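Now for the letters of each chain:
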Amino acid sequence: DVTLRLDSVLRTLAKDSGTIEALERAEEPLIKVLIDMEREGVRIDVAALKEYARVLDREILALLTDILSYADAGFNPDSPKQLSVLLFEKLGLPTDGVKKTSMGNYSTDEKTLSKLVSTHPIIPKILEYRACTKLKSTYVDKLPTLIDENNRVHTTFAQAFTETGRLSSSDPNLQNIPIRTARGKLIRKAFVPRDDKHVLVSADYSQIELRLMAAFSGDKAMIEAFKNGEDIHRDTAARVYDVMPAFVTDEQRSFCKMVNFGIIYGISAFGLSQRLKISRGEAAKLIETYFKLYPKVKEYMDKSIATAKEKGYATTILGRRRTLRDINSRNATVRQTAERDAINTPIQGSAADLIKVAMVNVDRAISAAGLRSKMVLQIHDELVFDAPKEEVEELKAIIKREMTSAIDFGVPLDVEIGVGQNWLEAH
């Protein structure tokens, strides 16, 4: 009774605030899809994880041996205090710009160590050691403890947990499996289909946030690049360095890829210089050149900030709101963070709207076609299906059709689909 009375009040508020489409087109129909996915789960190859655990153990031991060669007996690399003393007192690493913790020690968090990576050979070893131990404890050791009698893991999806509207998952958190590192990718190898008559199918939106930046900014050059199916990073590099696309070097493309994605998150010249390991002046020049080539992008960013300052929030394509309490703050640091959110929220939040609508539409289409294929995972811009081998081609056609047409942004959406005997192979 209380829920029903709340619905009549809150649904009216949703209509008045312009958020009703996000509720009725994305969130409400998605509930059934998520329940089915949670119930279905995904199969884990426990033997593969145990084998990988042994590999990680050897790597961790080798890294630990290297780290201990710089320390005294009894040193514990997992102790922030002992590590601080080793790095900044015994080894004398520079402390300029390094913050102190509440305990009075110099910080040894990942952000701090990443800035110091070129100052001493121990730093890369520590970062690698942390990556290995975290991967092992969070996934390699833990996943086998979370499986049911059918060797399946059932994550819990949350629809309203993140600021941007993206789904999150817990127990286990499958959204945070590191996919940019070789070690992280190997975790995906342990996710396998139901049996030897099934395969995993992975469908991933290609460069979705850049496509949405092109759509929202209305920048003709960027939109044309996507419409023509060009490599957007190579196209950007060709423009920035004023050369033919065929003469763009891998380094130039890599630099401009970082700029392309950095711009979406409102990256500063300082932030870009750190990522690219170039001077702040060079980074500032890169950003300046970028905005000259894509002037509508700069206009979009300025307009997004101005609108957020006026309204106090940013919105997505379906009207989802993100309140930005610090957008008019006098504190420059917190205000700039809110300004970056004002630029990024419409893009990242609209990508979240898109994948949610796509999930609903794909699920309906699979049911309408009478297929036995099951959607089992959603990881940001990627959907994973457990499919009978004989249904793969029909499933791929449904996925392509529904994912590329879920929401019309005026920019072509591209979906990359892979098939494999495990998630790594499919992705």
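Above: the structure in question.
Quantities reported herein were computed from a predicted structural model and do not represent experimental measurements.

Draft legend 1. Summary view of the overall build of the protein. Secondary structure assignment for the protein yields 17 helices and 11 strands. Over its C-alpha trace the protein gives a radius of gyration of 24 Å, about what one expects of a compact globule, namely 22 Å for 427 residues. Each principal axis of the C-alpha atoms in the protein carries an extent, and together these give about 65 × 60 × 55 Å. Across the 427 residues of the protein, 48% fall into the buried class. Surface summary for the protein: the accessible area is close to 21,600 Å², and the carbon and sulfur share equals 51%. Averaging the locations of the 62 positively and 61 negatively charged side chains of the protein gives two centres separated by 3 Å.

Draft legend 2. Representation of the sheet that holds strand β2 (residues 152-153). Taken together, the three strands give an open sheet; going across it, the order is β2-β1-β5, and neighbouring strands pair in antiparallel fashion. Taken across any chain shown, the strands that pair with only one partner, and hence form the sheet edges, are β2 and β5 (191-192). As judged from the two bridges shared by strand β1 (residues 42-44) and β2, these two strands associate in the antiparallel manner. Within the sheet, the bridge partner assigned to V42 lies in β2 and is V153.

Draft legend 3. Structural view of the packing of helix α8 (residues 208-217) against helix α14 (residues 295-311). Close contact between α8 and α14 brings their axes to 9 Å; oriented N to C, the two are set at 80°. What the angle tells us is that α8 and α14 run roughly perpendicular. Listed contacts from α14 to M213, F216 and S217 of α8 are K296, V297 and Y300. For the contact of α8 with α14, the residue count by class is four nonpolar, one polar and one charged.

Draft legend 4. Main features of the sheet that holds strand β11 (residues 415-420). Pairing is antiparallel across the open sheet formed by four strands, whose spatial order is β9-β10-β6-β11. Either end of the sheet is taken by a strand with one partner, and the two such strands are β9 (374-379) and β11. In this sheet, neighbouring strand axes are inclined to one another by 20° on average, regardless of whether the strands run parallel or antiparallel. Direction of pairing for β9 relative to strand β10 (residues 382-388): antiparallel, over a ladder of five bridges. What sits directly across from Q378, in β10, is L383. Of the strands in this sheet, β6 (198-205), β10 and β11 touch helix α16 (residues 392-405), which is tilted by about 20° from β6.

Draft legend 5. Molecular detail of the packing of aromatic side chains. All chains considered together, the criterion is met by six aromatic pairs. Plain terms: the ring middles of F216 and F409 are 6.1 Å apart, the flat faces sit at 65° to each other, and that makes the pair edge-to-face. Here the residue F216 occupies a position in helix α8, and F409 occupies one in the loop between α16 and β11, the gap between them amounting to 193 residues. Residue F409 is classed as buried on the basis of its relative accessible area of 12%. Within the aromatic cluster, the residues linked to one another by ring pairs are F216, Y300 and F409. When the ring centre of W423 is taken as origin, the NZ or CZ atom of R188, which lies over that ring, is 4.0 Å away. If you follow R321 out to its NZ or CZ, it ends over the ring of Y313, 4.0 Å from the centre.

Draft legend 6. Helix α11 (residues 250-264), seen in detail. Here α11 spans 22 Å end to end across 15 residues, near enough to the 21 Å set by a 1.5 Å rise per residue. When α11 is considered as a whole, its buried residues turn out to be Q252, F255, C256, V259, N260, G262, I263 and I264. Residues of α11 that are buried make contact with α8, α10 (232-240), α12 (269-276), α13 (280-293), α14 and α15 (332-368). Phi turns positive, to about 65°, at G266, one or two residues after α11.

Draft legend 7. Geometry of a nonpolar patch on the surface. A cluster of nonpolar side chains, namely V2, L6, V9, L10 and L13, defines an oily patch on the protein surface of about 460 Å² accessible area. With respect to the element layout, V2 can be found in helix α1 (residues 2-17). Residue classification places V2 among the exposed positions, given a relative accessible area of 53%.

Draft legend 8. Molecular detail of the environment of R239. Mapped onto the secondary structure, R239 falls in helix α10. A sequence separation of 17 residues divides R239 from C256, and the C-alpha atoms of the two residues are 9.9 Å apart. In contact with R239, not counting residues within four places along its chain, are A221, L293 and Y294.

Draft legend 9. Here's a closer look at the pairing of β10. Most of β10 is tucked away: seven of the seven residues are buried. Side-chain alternation along β10 places E382, V384, D386 and P388 on one buried face and L383, F385 and A387 on a second face that is also buried. Where β6 lies against β10, seven bridges are found, and the strand directions are antiparallel. Across the sheet, the residue bridging to S202 is V384, located in β10. Connecting the antiparallel pair β9 and β10 is a turn made up of two residues, with H380 showing a positive phi of about 60°.

Draft legend 10. Inspection of the nonpolar core at higher detail. Counting residues in hydrophobic clusters, the biggest one holds 76 residues, and the most contacted among them are Y205, M222, I263, V297, M359, F385 and M403. The dominant element in this core, judged by the number of residues it contributes, is α15, at 12 residues. Excluding residues that lie within four positions of it along the chain, F385 makes contacts with V199, L200, V201, V362, I366, K374, M375, V376, L395 and I399. Core analysis: the next-biggest nonpolar cluster, separate from the first, contains 42 residues, L56, I60, I126 and W423 among them.

Draft legend 11. View of the environment of I366. By secondary structure assignment, the location of I366 is in helix α15. Each C-alpha atom, one on I366 and one on T316, is 27 Å from the other, the two residues being 50 residues apart in sequence. Non-local contacts of I366, meaning those with residues more than four positions away in its chain, are made with L371, S373, F385, L395 and I398.

Reading guide: rules and limits
- Residues numbered from 1 in each chain as written.
- Predicted model: local features only at pLDDT ≥ 70, side-chain atom pairs only at ≥ 80, totals over all residues.
- Heavy atoms only, no water.
- Helix = DSSP H or I, 4+ residues; strand = E, 2+ residues; numbered from the N terminus.
- Rg over C-alpha atoms; globule rule 2.2 N^0.38 Å.
- Buried < 20%, exposed > 50% of the residue type's maximum accessible area, 1.4 Å probe, protein only.
- Areas by Shrake-Rupley, 256 points an atom, 1.4 Å probe, with all protein chains shown as cover.
- Lys, Arg positive; Asp, Glu negative; His and termini not counted.
- Charge placed at Lys NZ, Arg CZ, Asp CG, Glu CD.
- Pairing = 2+ DSSP bridges.
- Axes fitted to C-alpha atoms, helices over the stretch in contact; angles between N-to-C directions.
- Parallel < 35°, antiparallel > 145°, perpendicular 65-115°, else oblique.
- Contact = heavy atoms within 4.5 Å.
- Nonpolar A, V, L, I, M, F, W, Y, C, P; charged D, E, K, R; others polar.
- Phe/Tyr/Trp six-rings, centres within 6.5 Å; stacked < 30°, edge-to-face > 60°.
- Lys NZ or Arg CZ within 6 Å of the ring centre and 35° of its normal.
- Expected span 1.5 Å × (residues − 1).
- Patch = residues over 30% accessible without salt bridge, like charges linked within 9 Å, V, L, I, M, F, W, Y side chains within 5 Å.
- Salt bridge = Lys/Arg side-chain N within 4 Å of Asp/Glu carboxyl O.
- Core = buried A, V, L, I, M, F, W, Y, C linked by side-chain atoms within 4.5 Å.

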